[in-house]
Amino acid sequence: MTEKNYNVIVVGGGHAGCEACAAAARMGAETLLITHNAATIGEMSCNPAIGGLGKGHLVREIDALDGLMGRIIDRAGIQFRMLNMSKGPAVRGPRAQADRDLYRQYMQQALAEQKNLDILEAAVEGLVFEGNRAAGVILSDGRQILADAIVLTTGTFLNGVMFTGHRTTVGGRVDDVSCLGITPYLNQRGLRMGRLKTGTPARLDGKTICRDILDIQHGDETPQPFSYLTEKITNRQVDCHVTHTNAKTHDIIRDNFNKCALFSGLIKGVGPRYCPSIEDKLVKFADRDSHQIFLEPEGLNTDIVYPNGISTSLPADVQEAFIRTIKGLENVRIVRYAYAIEYDYVDPQELDHCLQLKKVPALFLAGQINGTTGYEEAAAQGLLAGINAALMAEGKGREFVVDRSEAYIGVMVDDLITKGVDEPYRMFTSRSEYRLYLRADNADLRLTEKGRAIGCVSDERYRRFSSKREQIAKLQKEAEEMVVKSSELDSFGIKNKKDGVRRTAFNLMSYDDVSRETILLIWPKLKEYPYTVYEEVEIEAKYSGYIKRQLADIEVFKKDEKLKIQEDIDYAQIGSLSNEMVAKLSRIRPATVGEASRISGVTPAAIMAILGHLKK
């Protein structure tokens, strides 16, 4: 039985699926979101937080392209912090604790209000193909629903198995079922697949935590929103607390390594390097006698606390024992035990830069199915996949590509499709060679115009963006024309050479020892500009030389990206390429010379040989 046809079908209601279906619908595509349980759409399966270093940049970029995550966390956030404020703007990252219930509620509300979007509660257990092309999905009751493009965002549900000690439970998340039927269809298409692992800590009853003896972590006094559309954070803000493991904690864990699924051979998949379980930390950092734990409230109307830093797959009784050795948690009550989860993923080198499978046209993948970890990474991929699925359904041959010189979204996709993964991929600012340009503060200036051109940015957002851009240009022009004599600077406490040279407001913005308050004291007229506008001009003043050099580097990068490699190139016909090199290039099939140069093991000599072949 065939149901109504759609332009785009999105499978999975996690962070990738939410952004994918919203983006496709926003583009005008008739879109269907299919999920096991509509009540868990937008669920924060692990930590109740959004953003961080690198991750916060991704959220700002999602917002710049009119995605949902930034606006939702602004409405649901209960503690906002700008990380790395003591460092330069390139590595500052916004982060916010979320009220878990509010986040889910506001995300579901946003999707319910989205035009062109239907939501179906059902289990997808198969795929429909027309030749090599994906053409629809098969539900568990046998119904088929056809579409022009499919986006799979299965998260940890693809053959998901949960582990607490040696006890295993089939499922993609606690109290949720696993998706068992899709993997065989992917295997039939000859896709390379594997298993990865992640985990989550126990949940604690906050009423049983002795907070009085713990260090407090406050949020920022003036919370900075994620979304460029949010004027002000209105939720009541809360504190987090910090504690640490100790020698006794570690002794209990080590004494029970034999009961741990991670070390007993039950788990085959590799876990995230940068978010390891506590037992993994004790092995990898054997010289450490303590590890930090952040006690994060899960909401304004709940006592449940998330202990960030002690995810584990140890048995329940061992969790009880080691957690109660931790300062402040001596009498804690565990509300839900920790578990690890192992799931299927597809080698992301099977994807193109639109997140479409090279071997299966019209089938897009986003999120943990591509070997990534984290809400932000998943949401960014979902946004990109949803846009491109809508463009494919449009049938005009258009595609939306973000390269690594334009955004962290581009860095992530390029890393995935050229390097693949051997562990869950997580975003960091260090992954970008252009991070002084790819800042969290200027994501809209980098991407909103690009999004508008493709049709995914609303009129209201574009109007406000255009106004901000005009204000930045106006402020910079005024700052370059506002002049003060060097002899007058002493009265404002500014030390300077008495050289008779007049300084502009723009000049003074570049001085590390001249505060914004001082500049506004000299030129009160500048107070009329919003904080975000002033910040952009100030950064330009301080880093203009560095930014110009980085933009020159980007121009060189783009030259290689413009050199396309035809899809049917036969690498075996290129002289001087080793058999290993031919096999790797033939398998990954890079779209440009730039992509080829970033594949692990492809040498500069090999690139020269490819360039020579292309010229012929």
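Residues numbered from 1 in each chain as written. Predicted model: local features only at pLDDT ≥ 70, side-chain atom pairs only at ≥ 80, totals over all residues. Heavy atoms only, no water.

A. Geometry of the sheet that holds strand 3 (residues 49–51). Pairing is antiparallel in the open sheet, where three strands are placed in the order 3-5-4. Pairing within the sheet leaves two strands with one partner each, and these edge strands are strand 3 and strand 4 (77–83). Each strand of the sheet is rotated relative to its neighbour by a mean of 15°, with strand direction disregarded. By the bridge criterion, six bridges tie strand 4 to strand 5 (residues 93–98) in an arrangement that is antiparallel. Bridging across to strand 5, F80 finds its partner in A96. (Pairing = 2+ DSSP bridges. Helix = DSSP H or I, 4+ residues; strand = E, 2+ residues; numbered from the N terminus. Axes fitted to C-alpha atoms, helices over the stretch in contact; angles between N-to-C directions.)

B. Here's a closer look at the nonpolar core. One finds I9, V137, L152, L186 and L363 to be the most contacted residues of the largest nonpolar core, which totals 115 residues. When residues in this core are grouped by element, the largest group, 12 residues, is from helix 10 (residues 375–394). With near-sequence residues (within four places) excluded, I9 lies in contact with L32, I34, V137, I145, L146, A147, A149, I150 and V151. I252, I253, L329 and V332 belong to the second largest nonpolar core, which has 23 residues in total. (Core = buried A, V, L, I, M, F, W, Y, C linked by side-chain atoms within 4.5 Å. Buried < 20%, exposed > 50% of the residue type's maximum accessible area, 1.4 Å probe, protein only. Contact = heavy atoms within 4.5 Å.)

C. Seen up close, the packing of helix 6 (residues 247–255) against helix 9 (residues 316–323). Contact pair helix 6 / helix 9: the axes reach a minimum separation of 9 Å and the direction vectors enclose 165°. In terms of orientation, helix 6 lies roughly antiparallel with respect to helix 9. You can see that helix 6 and helix 9 cross each other, and the crossing is right-handed. Contact residues: helix 6 offers T249, I252 and I253, while helix 9 offers V318, A321 and F322. Within the contact of helix 6 with helix 9, the residues separate by chemical class into five nonpolar, one polar and no charged. (Parallel < 35°, antiparallel > 145°, perpendicular 65-115°, else oblique. Left-handed = near helix turned anticlockwise from the far one by under 90°. Nonpolar A, V, L, I, M, F, W, Y, C, P; charged D, E, K, R; others polar.)

D. Spotlight on empty space enclosed by the protein. In this structure the tally under the stated criterion is four cavities of 30 Å³ or more. Reported here for the largest cavity is a volume of approximately 100 Å³. Residue lining of the largest cavity: R60, M82, M85, P89, R92, Q224, A440, D441, E535 and I539, and that is the complete set. Taken together, the residues of the lining of the largest cavity break down into five nonpolar, one polar and four charged. (1 Å grid on protein atoms, 1.4 Å probe; cavity = no way out; pocket = protein on both sides within 12 Å on 5 of 7 lines; lining within 4 Å. Points joined across faces, edges and corners; volume = space filled by probe spheres on them.)

E. Region of interest: the environment of E30. As for its placement among the helices and strands, E30 is situated in the loop between helix 1 (15–26) and strand 2 (31–35). Considering only alpha carbons, one finds E30 and I145, 115 residues apart in sequence, at a separation of 13 Å. What E30 contacts, discounting residues up to four positions off in sequence, is K4, Y6, N7, V8 and N116.

F. Inspection of the side chain of K281 at higher detail. In this fold, K281 is placed in helix 8 (residues 278–284). For the buried K281, no salt bridge exists, and the shortest N-O distance to an oppositely charged side chain is 9.4 Å, to E279. Those residues in contact with K281 that sit more than four places away from it in its chain are P276, A286, H291 and G309. (Lys, Arg positive; Asp, Glu negative; His and termini not counted. Salt bridge = Lys/Arg side-chain N within 4 Å of Asp/Glu carboxyl O.)

G. The sheet that holds strand 13 (residues 203–205), seen in detail. Ordered in space as 14-15-16-17-13-18, the six strands form an open sheet in which the pairing is antiparallel. Two strands in the sheet have a free side with no partner beyond their single neighbour: strand 14 (215–217) and strand 18 (334–336). Recorded for the sheet is a direction-independent mean angle of 35° between the axes of neighbouring strands. Here four bridges tie strand 15 (residues 240–244) to strand 16 (residues 292–297), and the two strands are oriented antiparallel to one another. Within strand 16, the position partnered with T243 by the bridge is I293.

H. Broad picture of the packing of helix 1 against helix 10. In contact at an axis separation of 7 Å, helix 1 and helix 10 are set at 30° when each is read in the N-to-C sense. What the angle tells us is that helix 1 and helix 10 run roughly parallel. For helix 1 against helix 10, the interelement crossing comes out right-handed. On the side of helix 1, the interface is formed by H15, A16, E19, A20, A23, A24 and R26, while helix 10 contributes Y375, A378, A379, G382, L383, G386, I387 and A390.

I. Highlighting the layout of surface pockets. Of the voids in this model, the second largest pocket is the one considered here, and its volume is about 870 Å³. If you go around the second largest pocket, you meet 32 residues; those closest to its centre are P225, Y228, T230, E231 and T532. Breaking the lining of the second largest pocket down by element, the ones donating at least two residues are helix 12 (443–454), helix 13 (459–481) and helix 16 (531–562). Top contributing element to the lining of the second largest pocket by residue count: helix 13, with seven residues. Grouping the constituent residues of the lining of the second largest pocket by class yields 12 nonpolar, eight polar and 12 charged.

J. Structural view of the packing of aromatic side chains. Within this structure, the stated rule accounts for three aromatic pairs. Between F80 and F226 the ring centres are 6.4 Å apart and the planes differ by 50°, which places this aromatic pair in the tilted class. Taken together, the residues span a long stretch of sequence, with F80 in strand 4 and F226 in the loop between strand 14 and strand 15 at a distance of 146 residues. Judged on exposure class, the residue F80 and its partner F226 are both buried. Sitting over the ring of Y228, R60 keeps its end group 5.7 Å from the ring centre. (Phe/Tyr/Trp six-rings, centres within 6.5 Å; stacked < 30°, edge-to-face > 60°. Lys NZ or Arg CZ within 6 Å of the ring centre and 35° of its normal.)

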